[in-house]
Amino acid sequence: MDDVIGLLLAAGGGRRMGNRPKALLPYRGRPMVEHALGVLRAGGCARVRVVLGAEAARVLATADLGDAEVVLNPDWETGMGSSLRAGLTGLTADAALIGLVDTPGVTPEAVARVLASGAELAAASYHGERGHPVLIAARYFEEARRGAVGDAGARALLRAHAGELRLVECGDVASPEDVDTVEQWVGLQLPQGRGELRDKPPE
């Protein structure tokens with residue numbers, strides 16, 4: 001597949017983060033959405049579509065998204081499924097590589113491995129457990145949209161086609177943990193062997 005677009009889901013409102021959009025959480029000195037976008041680009045996605053929702057205007061005013069295409073999800077409060085549906089709607093590409101804004105441990109190396117899998121349906125795995133990013137060929141787009149309900153995302157599609165899904169081990173080059181709480185976010189800021197924070201905790 002020659003034309004694979006990176007699809008970054010970054011619409012959530014961060015309910016367990018005190019209603020602070022994860023896209024704007026500082027990470028290594030910049031908003032987390034910039035980091036996630038950079039990972040997709042460095043991993044080999046020449047085109048990226050970013051789905052925004054919570055405080056989208058502030059994200060656009062604060063973060064540098066470069067030439068990424070931006071899609072707004074007005075239904076972001078209903079869960080990640082609505083963001084996947086919004087991101088896949090009208091998408092013209094051979095495949096989409098789906099990444100999440102709140103998995104900063106995912107690396108360009110993991111993205112590159114999944115892209116190089118040669119499969120129409122693939123996902124990074126971490127010591128045998130499926131994670132992100134997830135690669136979906138265009139022929140699955142409509143089925144993925146139909147199954148994206150609540151916070152399920154592409155889960156229904158991947159379960160329905162488990163026999164076709166190729167898992168690509170990435171545990172040696174990345175980590176799958178997502179950031180759902182302030183405590184997890186603060187833990188990200190603690191350099192190994194040091195006690196100070198790289199960024200201030202969200203206010």
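Residues numbered from 1 in each chain as written. Predicted model: local features only at pLDDT ≥ 70, side-chain atom pairs only at ≥ 80, totals over all residues. Heavy atoms only, no water.

**Some points on the overall build of the protein chain**
Part 1 of the argument: Per the secondary structure count, the protein chain includes 7 helices and 9 strands.
Part 2 of the argument: A burial count over the protein chain gives 50% of its 203 residues as buried. (Helix = DSSP H or I, 4+ residues; strand = E, 2+ residues; numbered from the N terminus. Buried < 20%, exposed > 50% of the residue type's maximum accessible area, 1.4 Å probe, protein only.)

**Re the nonpolar core**
Soluble, globular proteins show a tendency: their nonpolar side chains are buried together.
Part 1 of the argument: Counting residues in each nonpolar core, the largest one holds 34 residues, and the members touching the most others are Leu8, Ala10, Val33, Val50 and Leu97.
Part 2 of the argument: Residue assignment for this core shows that the elements contributing at least two residues are strand E1 (4–10), helix H1 (32–43), strand E4 (47–52), helix H2 (56–62), strand E6 (95–100), helix H4 (108–115) and strand E7 (121–126).
Part 3 of the argument: Top contributing element to this core by residue count: H1, with 5 residues.
Part 4 of the argument: Residues in contact with Leu8, not counting those within four places in the same chain, are Val33, Ala36, Leu37, Leu40, Arg49, Val50, Val51, Gly99, Leu100 and Val101. (Core = buried A, V, L, I, M, F, W, Y, C linked by side-chain atoms within 4.5 Å. Contact = heavy atoms within 4.5 Å.)

**Focus on the pattern of salt bridges**
Part 1 of the argument: Enumeration according to the criterion identifies 10 salt bridges in this entry.
Part 2 of the argument: The partner of Arg41 in a salt bridge is Asp67, with the nearest N and O atoms 2.5 Å apart. Taken together, the residues Arg41 in helix H1 and Asp67 in the loop between H2 and strand E5 (69–72) connect sequence positions 26 residues apart.
Part 3 of the argument: Judged by relative accessible area, Arg41 falls into the partly exposed class, the value being 29%.
Part 4 of the argument: A residue is classified by how much of its surface remains accessible, and Asp67, at 67% relative accessible area, is exposed.
Part 5 of the argument: Salt bridges sharing partners connect three or more residues here, namely Glu120, Arg139 and Glu164. (Salt bridge = Lys/Arg side-chain N within 4 Å of Asp/Glu carboxyl O.)

**Observations concerning the pairing of E6**
Part 1 of the argument: Summarising burial for E6: 6 of the 6 residues are buried, a large majority.
Part 2 of the argument: Relative to strand E8 (residues 129–137), E6 runs antiparallel, the two being bridged by 4 bridges. If you follow Ile98 over to E8, its bridge partner there is Val134. (Pairing = 2+ DSSP bridges.)

**Re the sheet that holds E8**
Part 1 of the argument: Spatially, the 7 strands line up as an open sheet ordered E5-E4-E1-E6-E8-E7-E9, and their pairing is mixed. In this open sheet, the two edge strands, each paired with only one partner strand, are E5 and strand E9 (166–169). Neighbour to neighbour, the strand axes of the sheet diverge by 25° on average, direction disregarded.
Part 2 of the argument: Relative to E4, E1 runs parallel, the two sharing 6 bridges. Bridge pairing links Gly6 to Val48 in E4. (Axes fitted to C-alpha atoms, helices over the stretch in contact; angles between N-to-C directions.)

**Points about a nonpolar patch on the surface**
Part 1 of the argument: Together, Leu60, Val70 and Leu72 give the surface a local cluster of nonpolar side chains, amounting to about 250 Å² of exposed area.
Part 2 of the argument: Counting through the fold element by element, Val70 comes out in strand E5. (Patch = residues over 30% accessible without salt bridge, like charges linked within 9 Å, V, L, I, M, F, W, Y side chains within 5 Å. Areas by Shrake-Rupley, 256 points an atom, 1.4 Å probe, with all protein chains shown as cover.)

**Here's the deal with the confidence of the model for the protein chain**
Part 1 of the argument: With 86% of its residues at a pLDDT of at least 70, the protein chain reaches an overall mean of 88.
Part 2 of the argument: Predicted confidence is poor over residues 190–203, with pLDDT under 50, and the contacts of this stretch with residues over four places away or in other chains come to 25 contacts. (pLDDT = per-residue confidence, 0-100.)

**A short note on H1**
Part 1 of the argument: Counted at 1.5 Å a residue, the expected span for H1 with its 12 residues is 16 Å, and the 17 Å between its end C-alpha atoms agrees.
Part 2 of the argument: Here H1 has its buried residues at Met32, Val33, Glu34, Ala36, Leu37, Val39, Leu40 and Gly43.
Part 3 of the argument: Where H1 ends, the next residue or the one after it, Gly44, has phi of about 125°, a positive value. (Expected span 1.5 Å × (residues − 1).)

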